[in-house]
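These are the residues of each chain, in order.
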Amino acid sequence: MNLDTSNRTYRQLVGNGLIYSVPRFQRDYSWTPTEWDDLWQDIEGLFEDGGEEEHYMGYLVLQSRDSKNFDVIDGQQRLTTLSILVLAFLGNLQKLIDDGLEPEKNQKRLEQLRSTFIAYLDPVTLIPKSKLNLNRNNNNLYQTYLVPLETAPKRNLKATEHLMRKAYDWFFNAVRQRFSANRRGDAFAQYIDSLSDKLFFTVITVNDELNAYKVFETLNARGVKLSSTDLLKNYLFAVVHNHGADEREMMELDNRWERLVGLIGSESLPDFLRAYWNSKNKFVRHSELFKRIRESITSKGGVFSLMRDLEGNAHIFAALPSSEDSLWNNEQKKYIKTLRMFNVRQLYPLLLSAYNKFSEGDFTTLLRTCCVISFRYNIIGNLATNEQERVYNRLAVELSSNTISTLQDLITALSTLYVSDDKFKGDFSEKEMRTTQARNKRVVRYILFEIERHISNNAYDFESDSYNLEHIMPESIQEGWDHIQDRDHDQFVYRLGNMTLLNKSVNRDLGNSDFEMKKEKYRESEFSLTQRVANENSEWNPERISEHQQWMARQATAIWRITQLN
C-alpha cells in the first residue's frame, strides 16, 4: 500500500503553498454549537496556566493528486472549522481597523495571517488562491462571503450554509469576548500564531481511493471511525462525472444517495452494502468490498443500475433489525424479534434474496427456519460463524440467480447448518448461560417460556415484568445450601437446568431460601416447568440439575425442530 503517515501541526498543513479540496459530493458541513464549544474549550485550555502544550486533532486522510493538490477524504469538518476560526480572528482584526485602532499595522497583520492560513498569492498569476476548497454546497458561501470577510446573507441559504454562517458568528463572538479587555491586533496575531503550532494531526496520505479505503478499514478495526461510506460515494460520483454526466444526472445521483443514507443511516451503510453485495455475488469481506465494487462498477449506467438496486433493497435491510417495522406481518414480527435477540446477522444476504423471491407465506416459513437453525447452531452450539456466513452467501447467490427456486429446495440446502438432534441434545444438556449479562438473561427467559408453552400449552410474554428468572440453587450461597461445594456452585449455578420461572412477588419472598422452602412455593406456581422441579426432586444438587437439564434438552429438541431436515 503506497501511503505516507506523519504528524503535522496546523501551521505545517496550511502554512505553505498546498491546496486542500473537499470532493464535490463529500458530506456537507454539519458541526453545531456543541462541537464548536468543545473545540474552543480545548483551544482555550492550551493557553491557561498549567495547560497542555499541544492538542491532538485526530486523523486526517488525504488523497494526493500531485505534489501540491490534495483531496480531503476524512477530516473536512475539522479543517473547515479551523479555517472559520481563523477567519473569525481576521474579522476581529478588521473590526479594529474599522475602529481606527492601529489601522496600518493591523492591516498588515490581517494580510499576513490571511496569506499564511487562508489564501496565498500565486507567484505566477498574482491571483489569490484559497488553501481550502469545499464541496458543492459549502464552497460558494465560504469563498464568496467568509474568506473575503463579507457579511453573509441570512436568507435563501441551504441548511449547511446556515451552519457555516452561524459558526463564523459564534467564533467571532467568542474571540471578541476572549479579548474584550485586550483589543490589540498583536494579541490576536500572537494567539493564532501560537495556536497553529499547538494543534496537530496524524496525516495519512494515499495515492488512490482504493488505498484510502484500506486505510479506513484498518483504522475502523482499531476503533477509529472514519467515513468509508463517503469514500465509496466519491468513487461512484467520480465514475458518473468522468463519463460525461450533466448537472441533472449528478443531482439525480446525489438525491438517490441521500435517500439511501436517510433510510439506512450513514453508520449502517457499509453493512448494508456488504449484505446486498453478498446476496448477489461471491462472498466478500468488508476489507475487500470497495475493491470488488470498483472492479465491477466502471460505467455511468453501472452506477445508476447499482443505485436503483440498492434503493430496492434498502427498505428490507432497514427493517431486518426492527420487529415493529410495518414491512412485517404479526407472525414475521415474532421471528424478526427472535433473530435480533440472537444477534445473528450472517443471514441478512439470504433474507434480502429471499424477500424478493418468495411469497409472504414462504418467507415467513424461512424466517422460522432461520430462527431454529440459529438457535441450534449459534445460541446452544456456539459454533463458528465463518463457515455459516459463507453458506448463507452461497445460497443467497443461488437464490438470486434462480439456481434455487423453491422454499423446499432452499431448506434442504440449509441442512449443512442444521445441528443434528443428538448433537443438539448433548449441547443443550451442558449449556451454561451467565445471566449476569443482560442478553443472556433475556435468552434464558425466552428458552424457559418456550419450554413452558410446549409442556403446558400456555403462552406468556417472556419479557413481562410480572415474572422473574429464578435460580434454584441461588447465585449467592446462604444457609441451607451448605452441602454444595464451591466448585460445584461455580460450575452449575448458571446451567440452564438450574433456572426456572416464578411470579415476581414469589421470587422476591423466596430470596436465597433452602430447597425445602422453595419447593413449597414451586408446587403452588402457575408454571408447569416450576411445579415439575418440586414434584420430581427431593433434593437439589449437581446430579439433579444435570438430570433436569437433560429432560429440558429433550423438550427443546421437539420445540426447535425442522421436520423437513429430520
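Residues numbered from 1 in each chain as written. Predicted model: local features only at pLDDT ≥ 70, side-chain atom pairs only at ≥ 80, totals over all residues. Heavy atoms only, no water.

Draft legend 1. Focus on the packing of helix α3 (residues 76-98) against helix α7 (residues 185-198). Contact geometry of α3 with α7 gives a least axis separation of 10 Å together with a crossing angle of 165°. Here α3 is positioned roughly antiparallel relative to α7, judged by the angle of their axes. Like other packed secondary-structure pairs, α3 and α7 cross with a definite hand, here left-handed. Contacts between α3 and α7 involve L85, V86, F89, N92, L93 and L96 from the first element and G185, F188, Y191, I192 and L195 from the second. Among the residues making up the contact of α3 with α7, the classes are represented as 9 nonpolar, 2 polar and no charged. (Axes fitted to C-alpha atoms, helices over the stretch in contact; angles between N-to-C directions. Helix = DSSP H or I, 4+ residues; strand = E, 2+ residues; numbered from the N terminus. Parallel < 35°, antiparallel > 145°, perpendicular 65-115°, else oblique. Left-handed = near helix turned anticlockwise from the far one by under 90°. Contact = heavy atoms within 4.5 Å. Nonpolar A, V, L, I, M, F, W, Y, C, P; charged D, E, K, R; others polar.)

Draft legend 2. Broad picture of the nonpolar core. Formed by 98 residues in total, the largest nonpolar core has its most connected members in L351, F375, F428 and I447. Here the element with the most residues in this core is helix α16 (residues 360-380); it accounts for 11 residues. When neighbours within four sequence positions are excluded, F428 is seen to be in contact with F375, I380, I447, I451, L496, Q549, M552, A553 and A556. V14, L85, L157 and A187 belong to the second-largest nonpolar core, a separate cluster that totals 60 residues. (Core = buried A, V, L, I, M, F, W, Y, C linked by side-chain atoms within 4.5 Å. Buried < 20%, exposed > 50% of the residue type's maximum accessible area, 1.4 Å probe, protein only.)

Draft legend 3. Representation of helix α11 (residues 269-278) in the model. Extensive coverage of α11 is indicated by the burial of 9 of its 10 residues. Within the sequence span of α11, burial applies to L269, P270, F272, L273, R274, A275, Y276, W277 and N278.

Draft legend 4. Region of interest: the packing of α16 against helix α20 (residues 438-456). Close contact between α16 and α20 brings their axes to 13 Å; oriented N to C, the two are set at 140°. Judged on the interaxial angle alone, α20 and α16 are oblique. By crossing handedness, the relation of α16 to α20 is classed as left-handed. Taking contact as the criterion, the partners of F375, I379 and I380 in α16 are, on α20, R439, V443, Y446 and I447. Here the contact of α16 with α20 is built from residues that sort into 6 nonpolar, no polar and 1 charged.

Draft legend 5. Spotlight on the packing of aromatic side chains. Counting across every chain of the model gives 35 aromatic pairs. Considering the side-chain rings of F179 and Y191, the 5.5 Å spacing of their centres and the 85° angle between planes classify their relative orientation as edge-to-face. Residue F179 is located in the loop between α6 (159-178) and α7, and its partner Y191 is located in helix α7; the two are separated by 12 residues in the primary sequence. The class of F179 is buried, set by a relative accessible area of 4%. Centroid distance F272 to Y276: 6.5 Å. Interplanar angle 45°. Geometry classified as tilted. With F272 and Y276 both in helix α11 and 4 residues apart, this pair spans about one turn of that helix. For Y276, a relative accessible area of 6% puts it in the buried group. An aromatic cluster is defined as three or more aromatic residues linked by ring pairs; in this entry it consists of F342, F375, F424, F428, Y446, F462 and W560. Seen from the ring of F179, R178 lies directly overhead, with NZ or CZ sitting 4.9 Å from the centre. In this arrangement the basic side chain of R376 is found over the ring face of F424, its NZ or CZ atom lying 4.6 Å from the centre. (Phe/Tyr/Trp six-rings, centres within 6.5 Å; stacked < 30°, edge-to-face > 60°. Lys NZ or Arg CZ within 6 Å of the ring centre and 35° of its normal.)

Draft legend 6. Representation of the pattern of salt bridges. Enumeration according to the criterion identifies 30 salt bridges in this entry. For K95, the salt bridge goes to D99, with nearest N and O atoms at 3.0 Å. For D99, a relative accessible area of 38% puts it in the partly exposed group. Notably, a salt bridge pairs R109 with E102, separated by 3.6 Å at the nearest N-O pair. The exposure class of E102 is partly exposed, given its relative accessible area of 38%. Linked through salt bridges whose partners overlap, the residues forming this network are R248, E252, R256, R259 and E311. (Salt bridge = Lys/Arg side-chain N within 4 Å of Asp/Glu carboxyl O.)

Draft legend 7. View of the layout of surface pockets. Taken as a whole, the second largest pocket spans an internal volume of roughly 520 Å³. Contributing to the lining of the second largest pocket are 22 residues, with K334, Y335, T338, Y446 and E450 lying nearest its centre. Elements supplying a minimum of two residues to the lining of the second largest pocket: α14 (330-342), α16 and α20. Here the element with the most residues in the lining of the second largest pocket is α14; it accounts for 7 residues. Looking at the lining of the second largest pocket residue by residue, the classes come out as 11 nonpolar, 3 polar and 8 charged. (1 Å grid on protein atoms, 1.4 Å probe; cavity = no way out; pocket = protein on both sides within 12 Å on 5 of 7 lines; lining within 4 Å. Points joined across faces, edges and corners; volume = space filled by probe spheres on them.)

Draft legend 8. Focus on the environment of K300. Among the structural elements, K300 can be located in helix α13 (residues 300-319). Sequence separation between K300 and R176 is 124 residues, and the spatial gap between their C-alpha atoms is 50 Å.

Draft legend 9. How the structure looks around the side chain of R495. Among the structural elements, R495 can be located in the loop between α21 (486-492) and β10 (499-503). Buried charge without a partner: R495 forms no salt bridge, and the closest opposite charge is E430, 6.2 Å away. Side-chain polar atoms of R495 contact the side chain of Q549, separated by 3.2 Å. The residues contacting R495, other than those within four sequence positions of it, are S429, E430, K431, E432, I545, S546 and Q549. (Lys, Arg positive; Asp, Glu negative; His and termini not counted. Polar contact = N/O pair within 3.5 Å; in protein donor to acceptor, adjacent residues only side chain to side chain.)

Draft legend 10. How the structure looks around α13. The end-to-end C-alpha separation of α13 is 29 Å, in line with the 28 Å expected for 20 residues at 1.5 Å each. Along α13, the helix axis deviates most sharply at N313, where the bend reaches about 35°. Of the positions making up α13, those classed as buried are G302, V303, F304, L306, M307, L310, N313, A314, I316, F317 and A319. (Expected span 1.5 Å × (residues − 1). Bend = angle between axes of the 7 residues up to and from the residue.)

Draft legend 11. Spotlight on the environment of K337. Tracing the backbone through its elements, the reader meets K337 in helix α14. Residues K337 and P321 lie 16 residues apart in sequence; the distance between their C-alpha atoms is 7.6 Å. When residues no more than four places from it in sequence are discounted, the contact partners of K337 are S323, R442 and E463.

Draft legend 12. Representation of the pairing of strand β4 (residues 69-74). In terms of residue burial, β4 counts as a mostly covered element, since 5 of its 6 residues are buried. Two elements, strand β2 (residues 19-21) and β4, share 3 bridges in a ladder whose sense is parallel. The partner of Y20 across the bridge, within β4, is F70. As judged from the 4 bridges shared by strand β3 (residues 55-64) and β4, these two strands associate in the antiparallel manner. (Pairing = 2+ DSSP bridges.)

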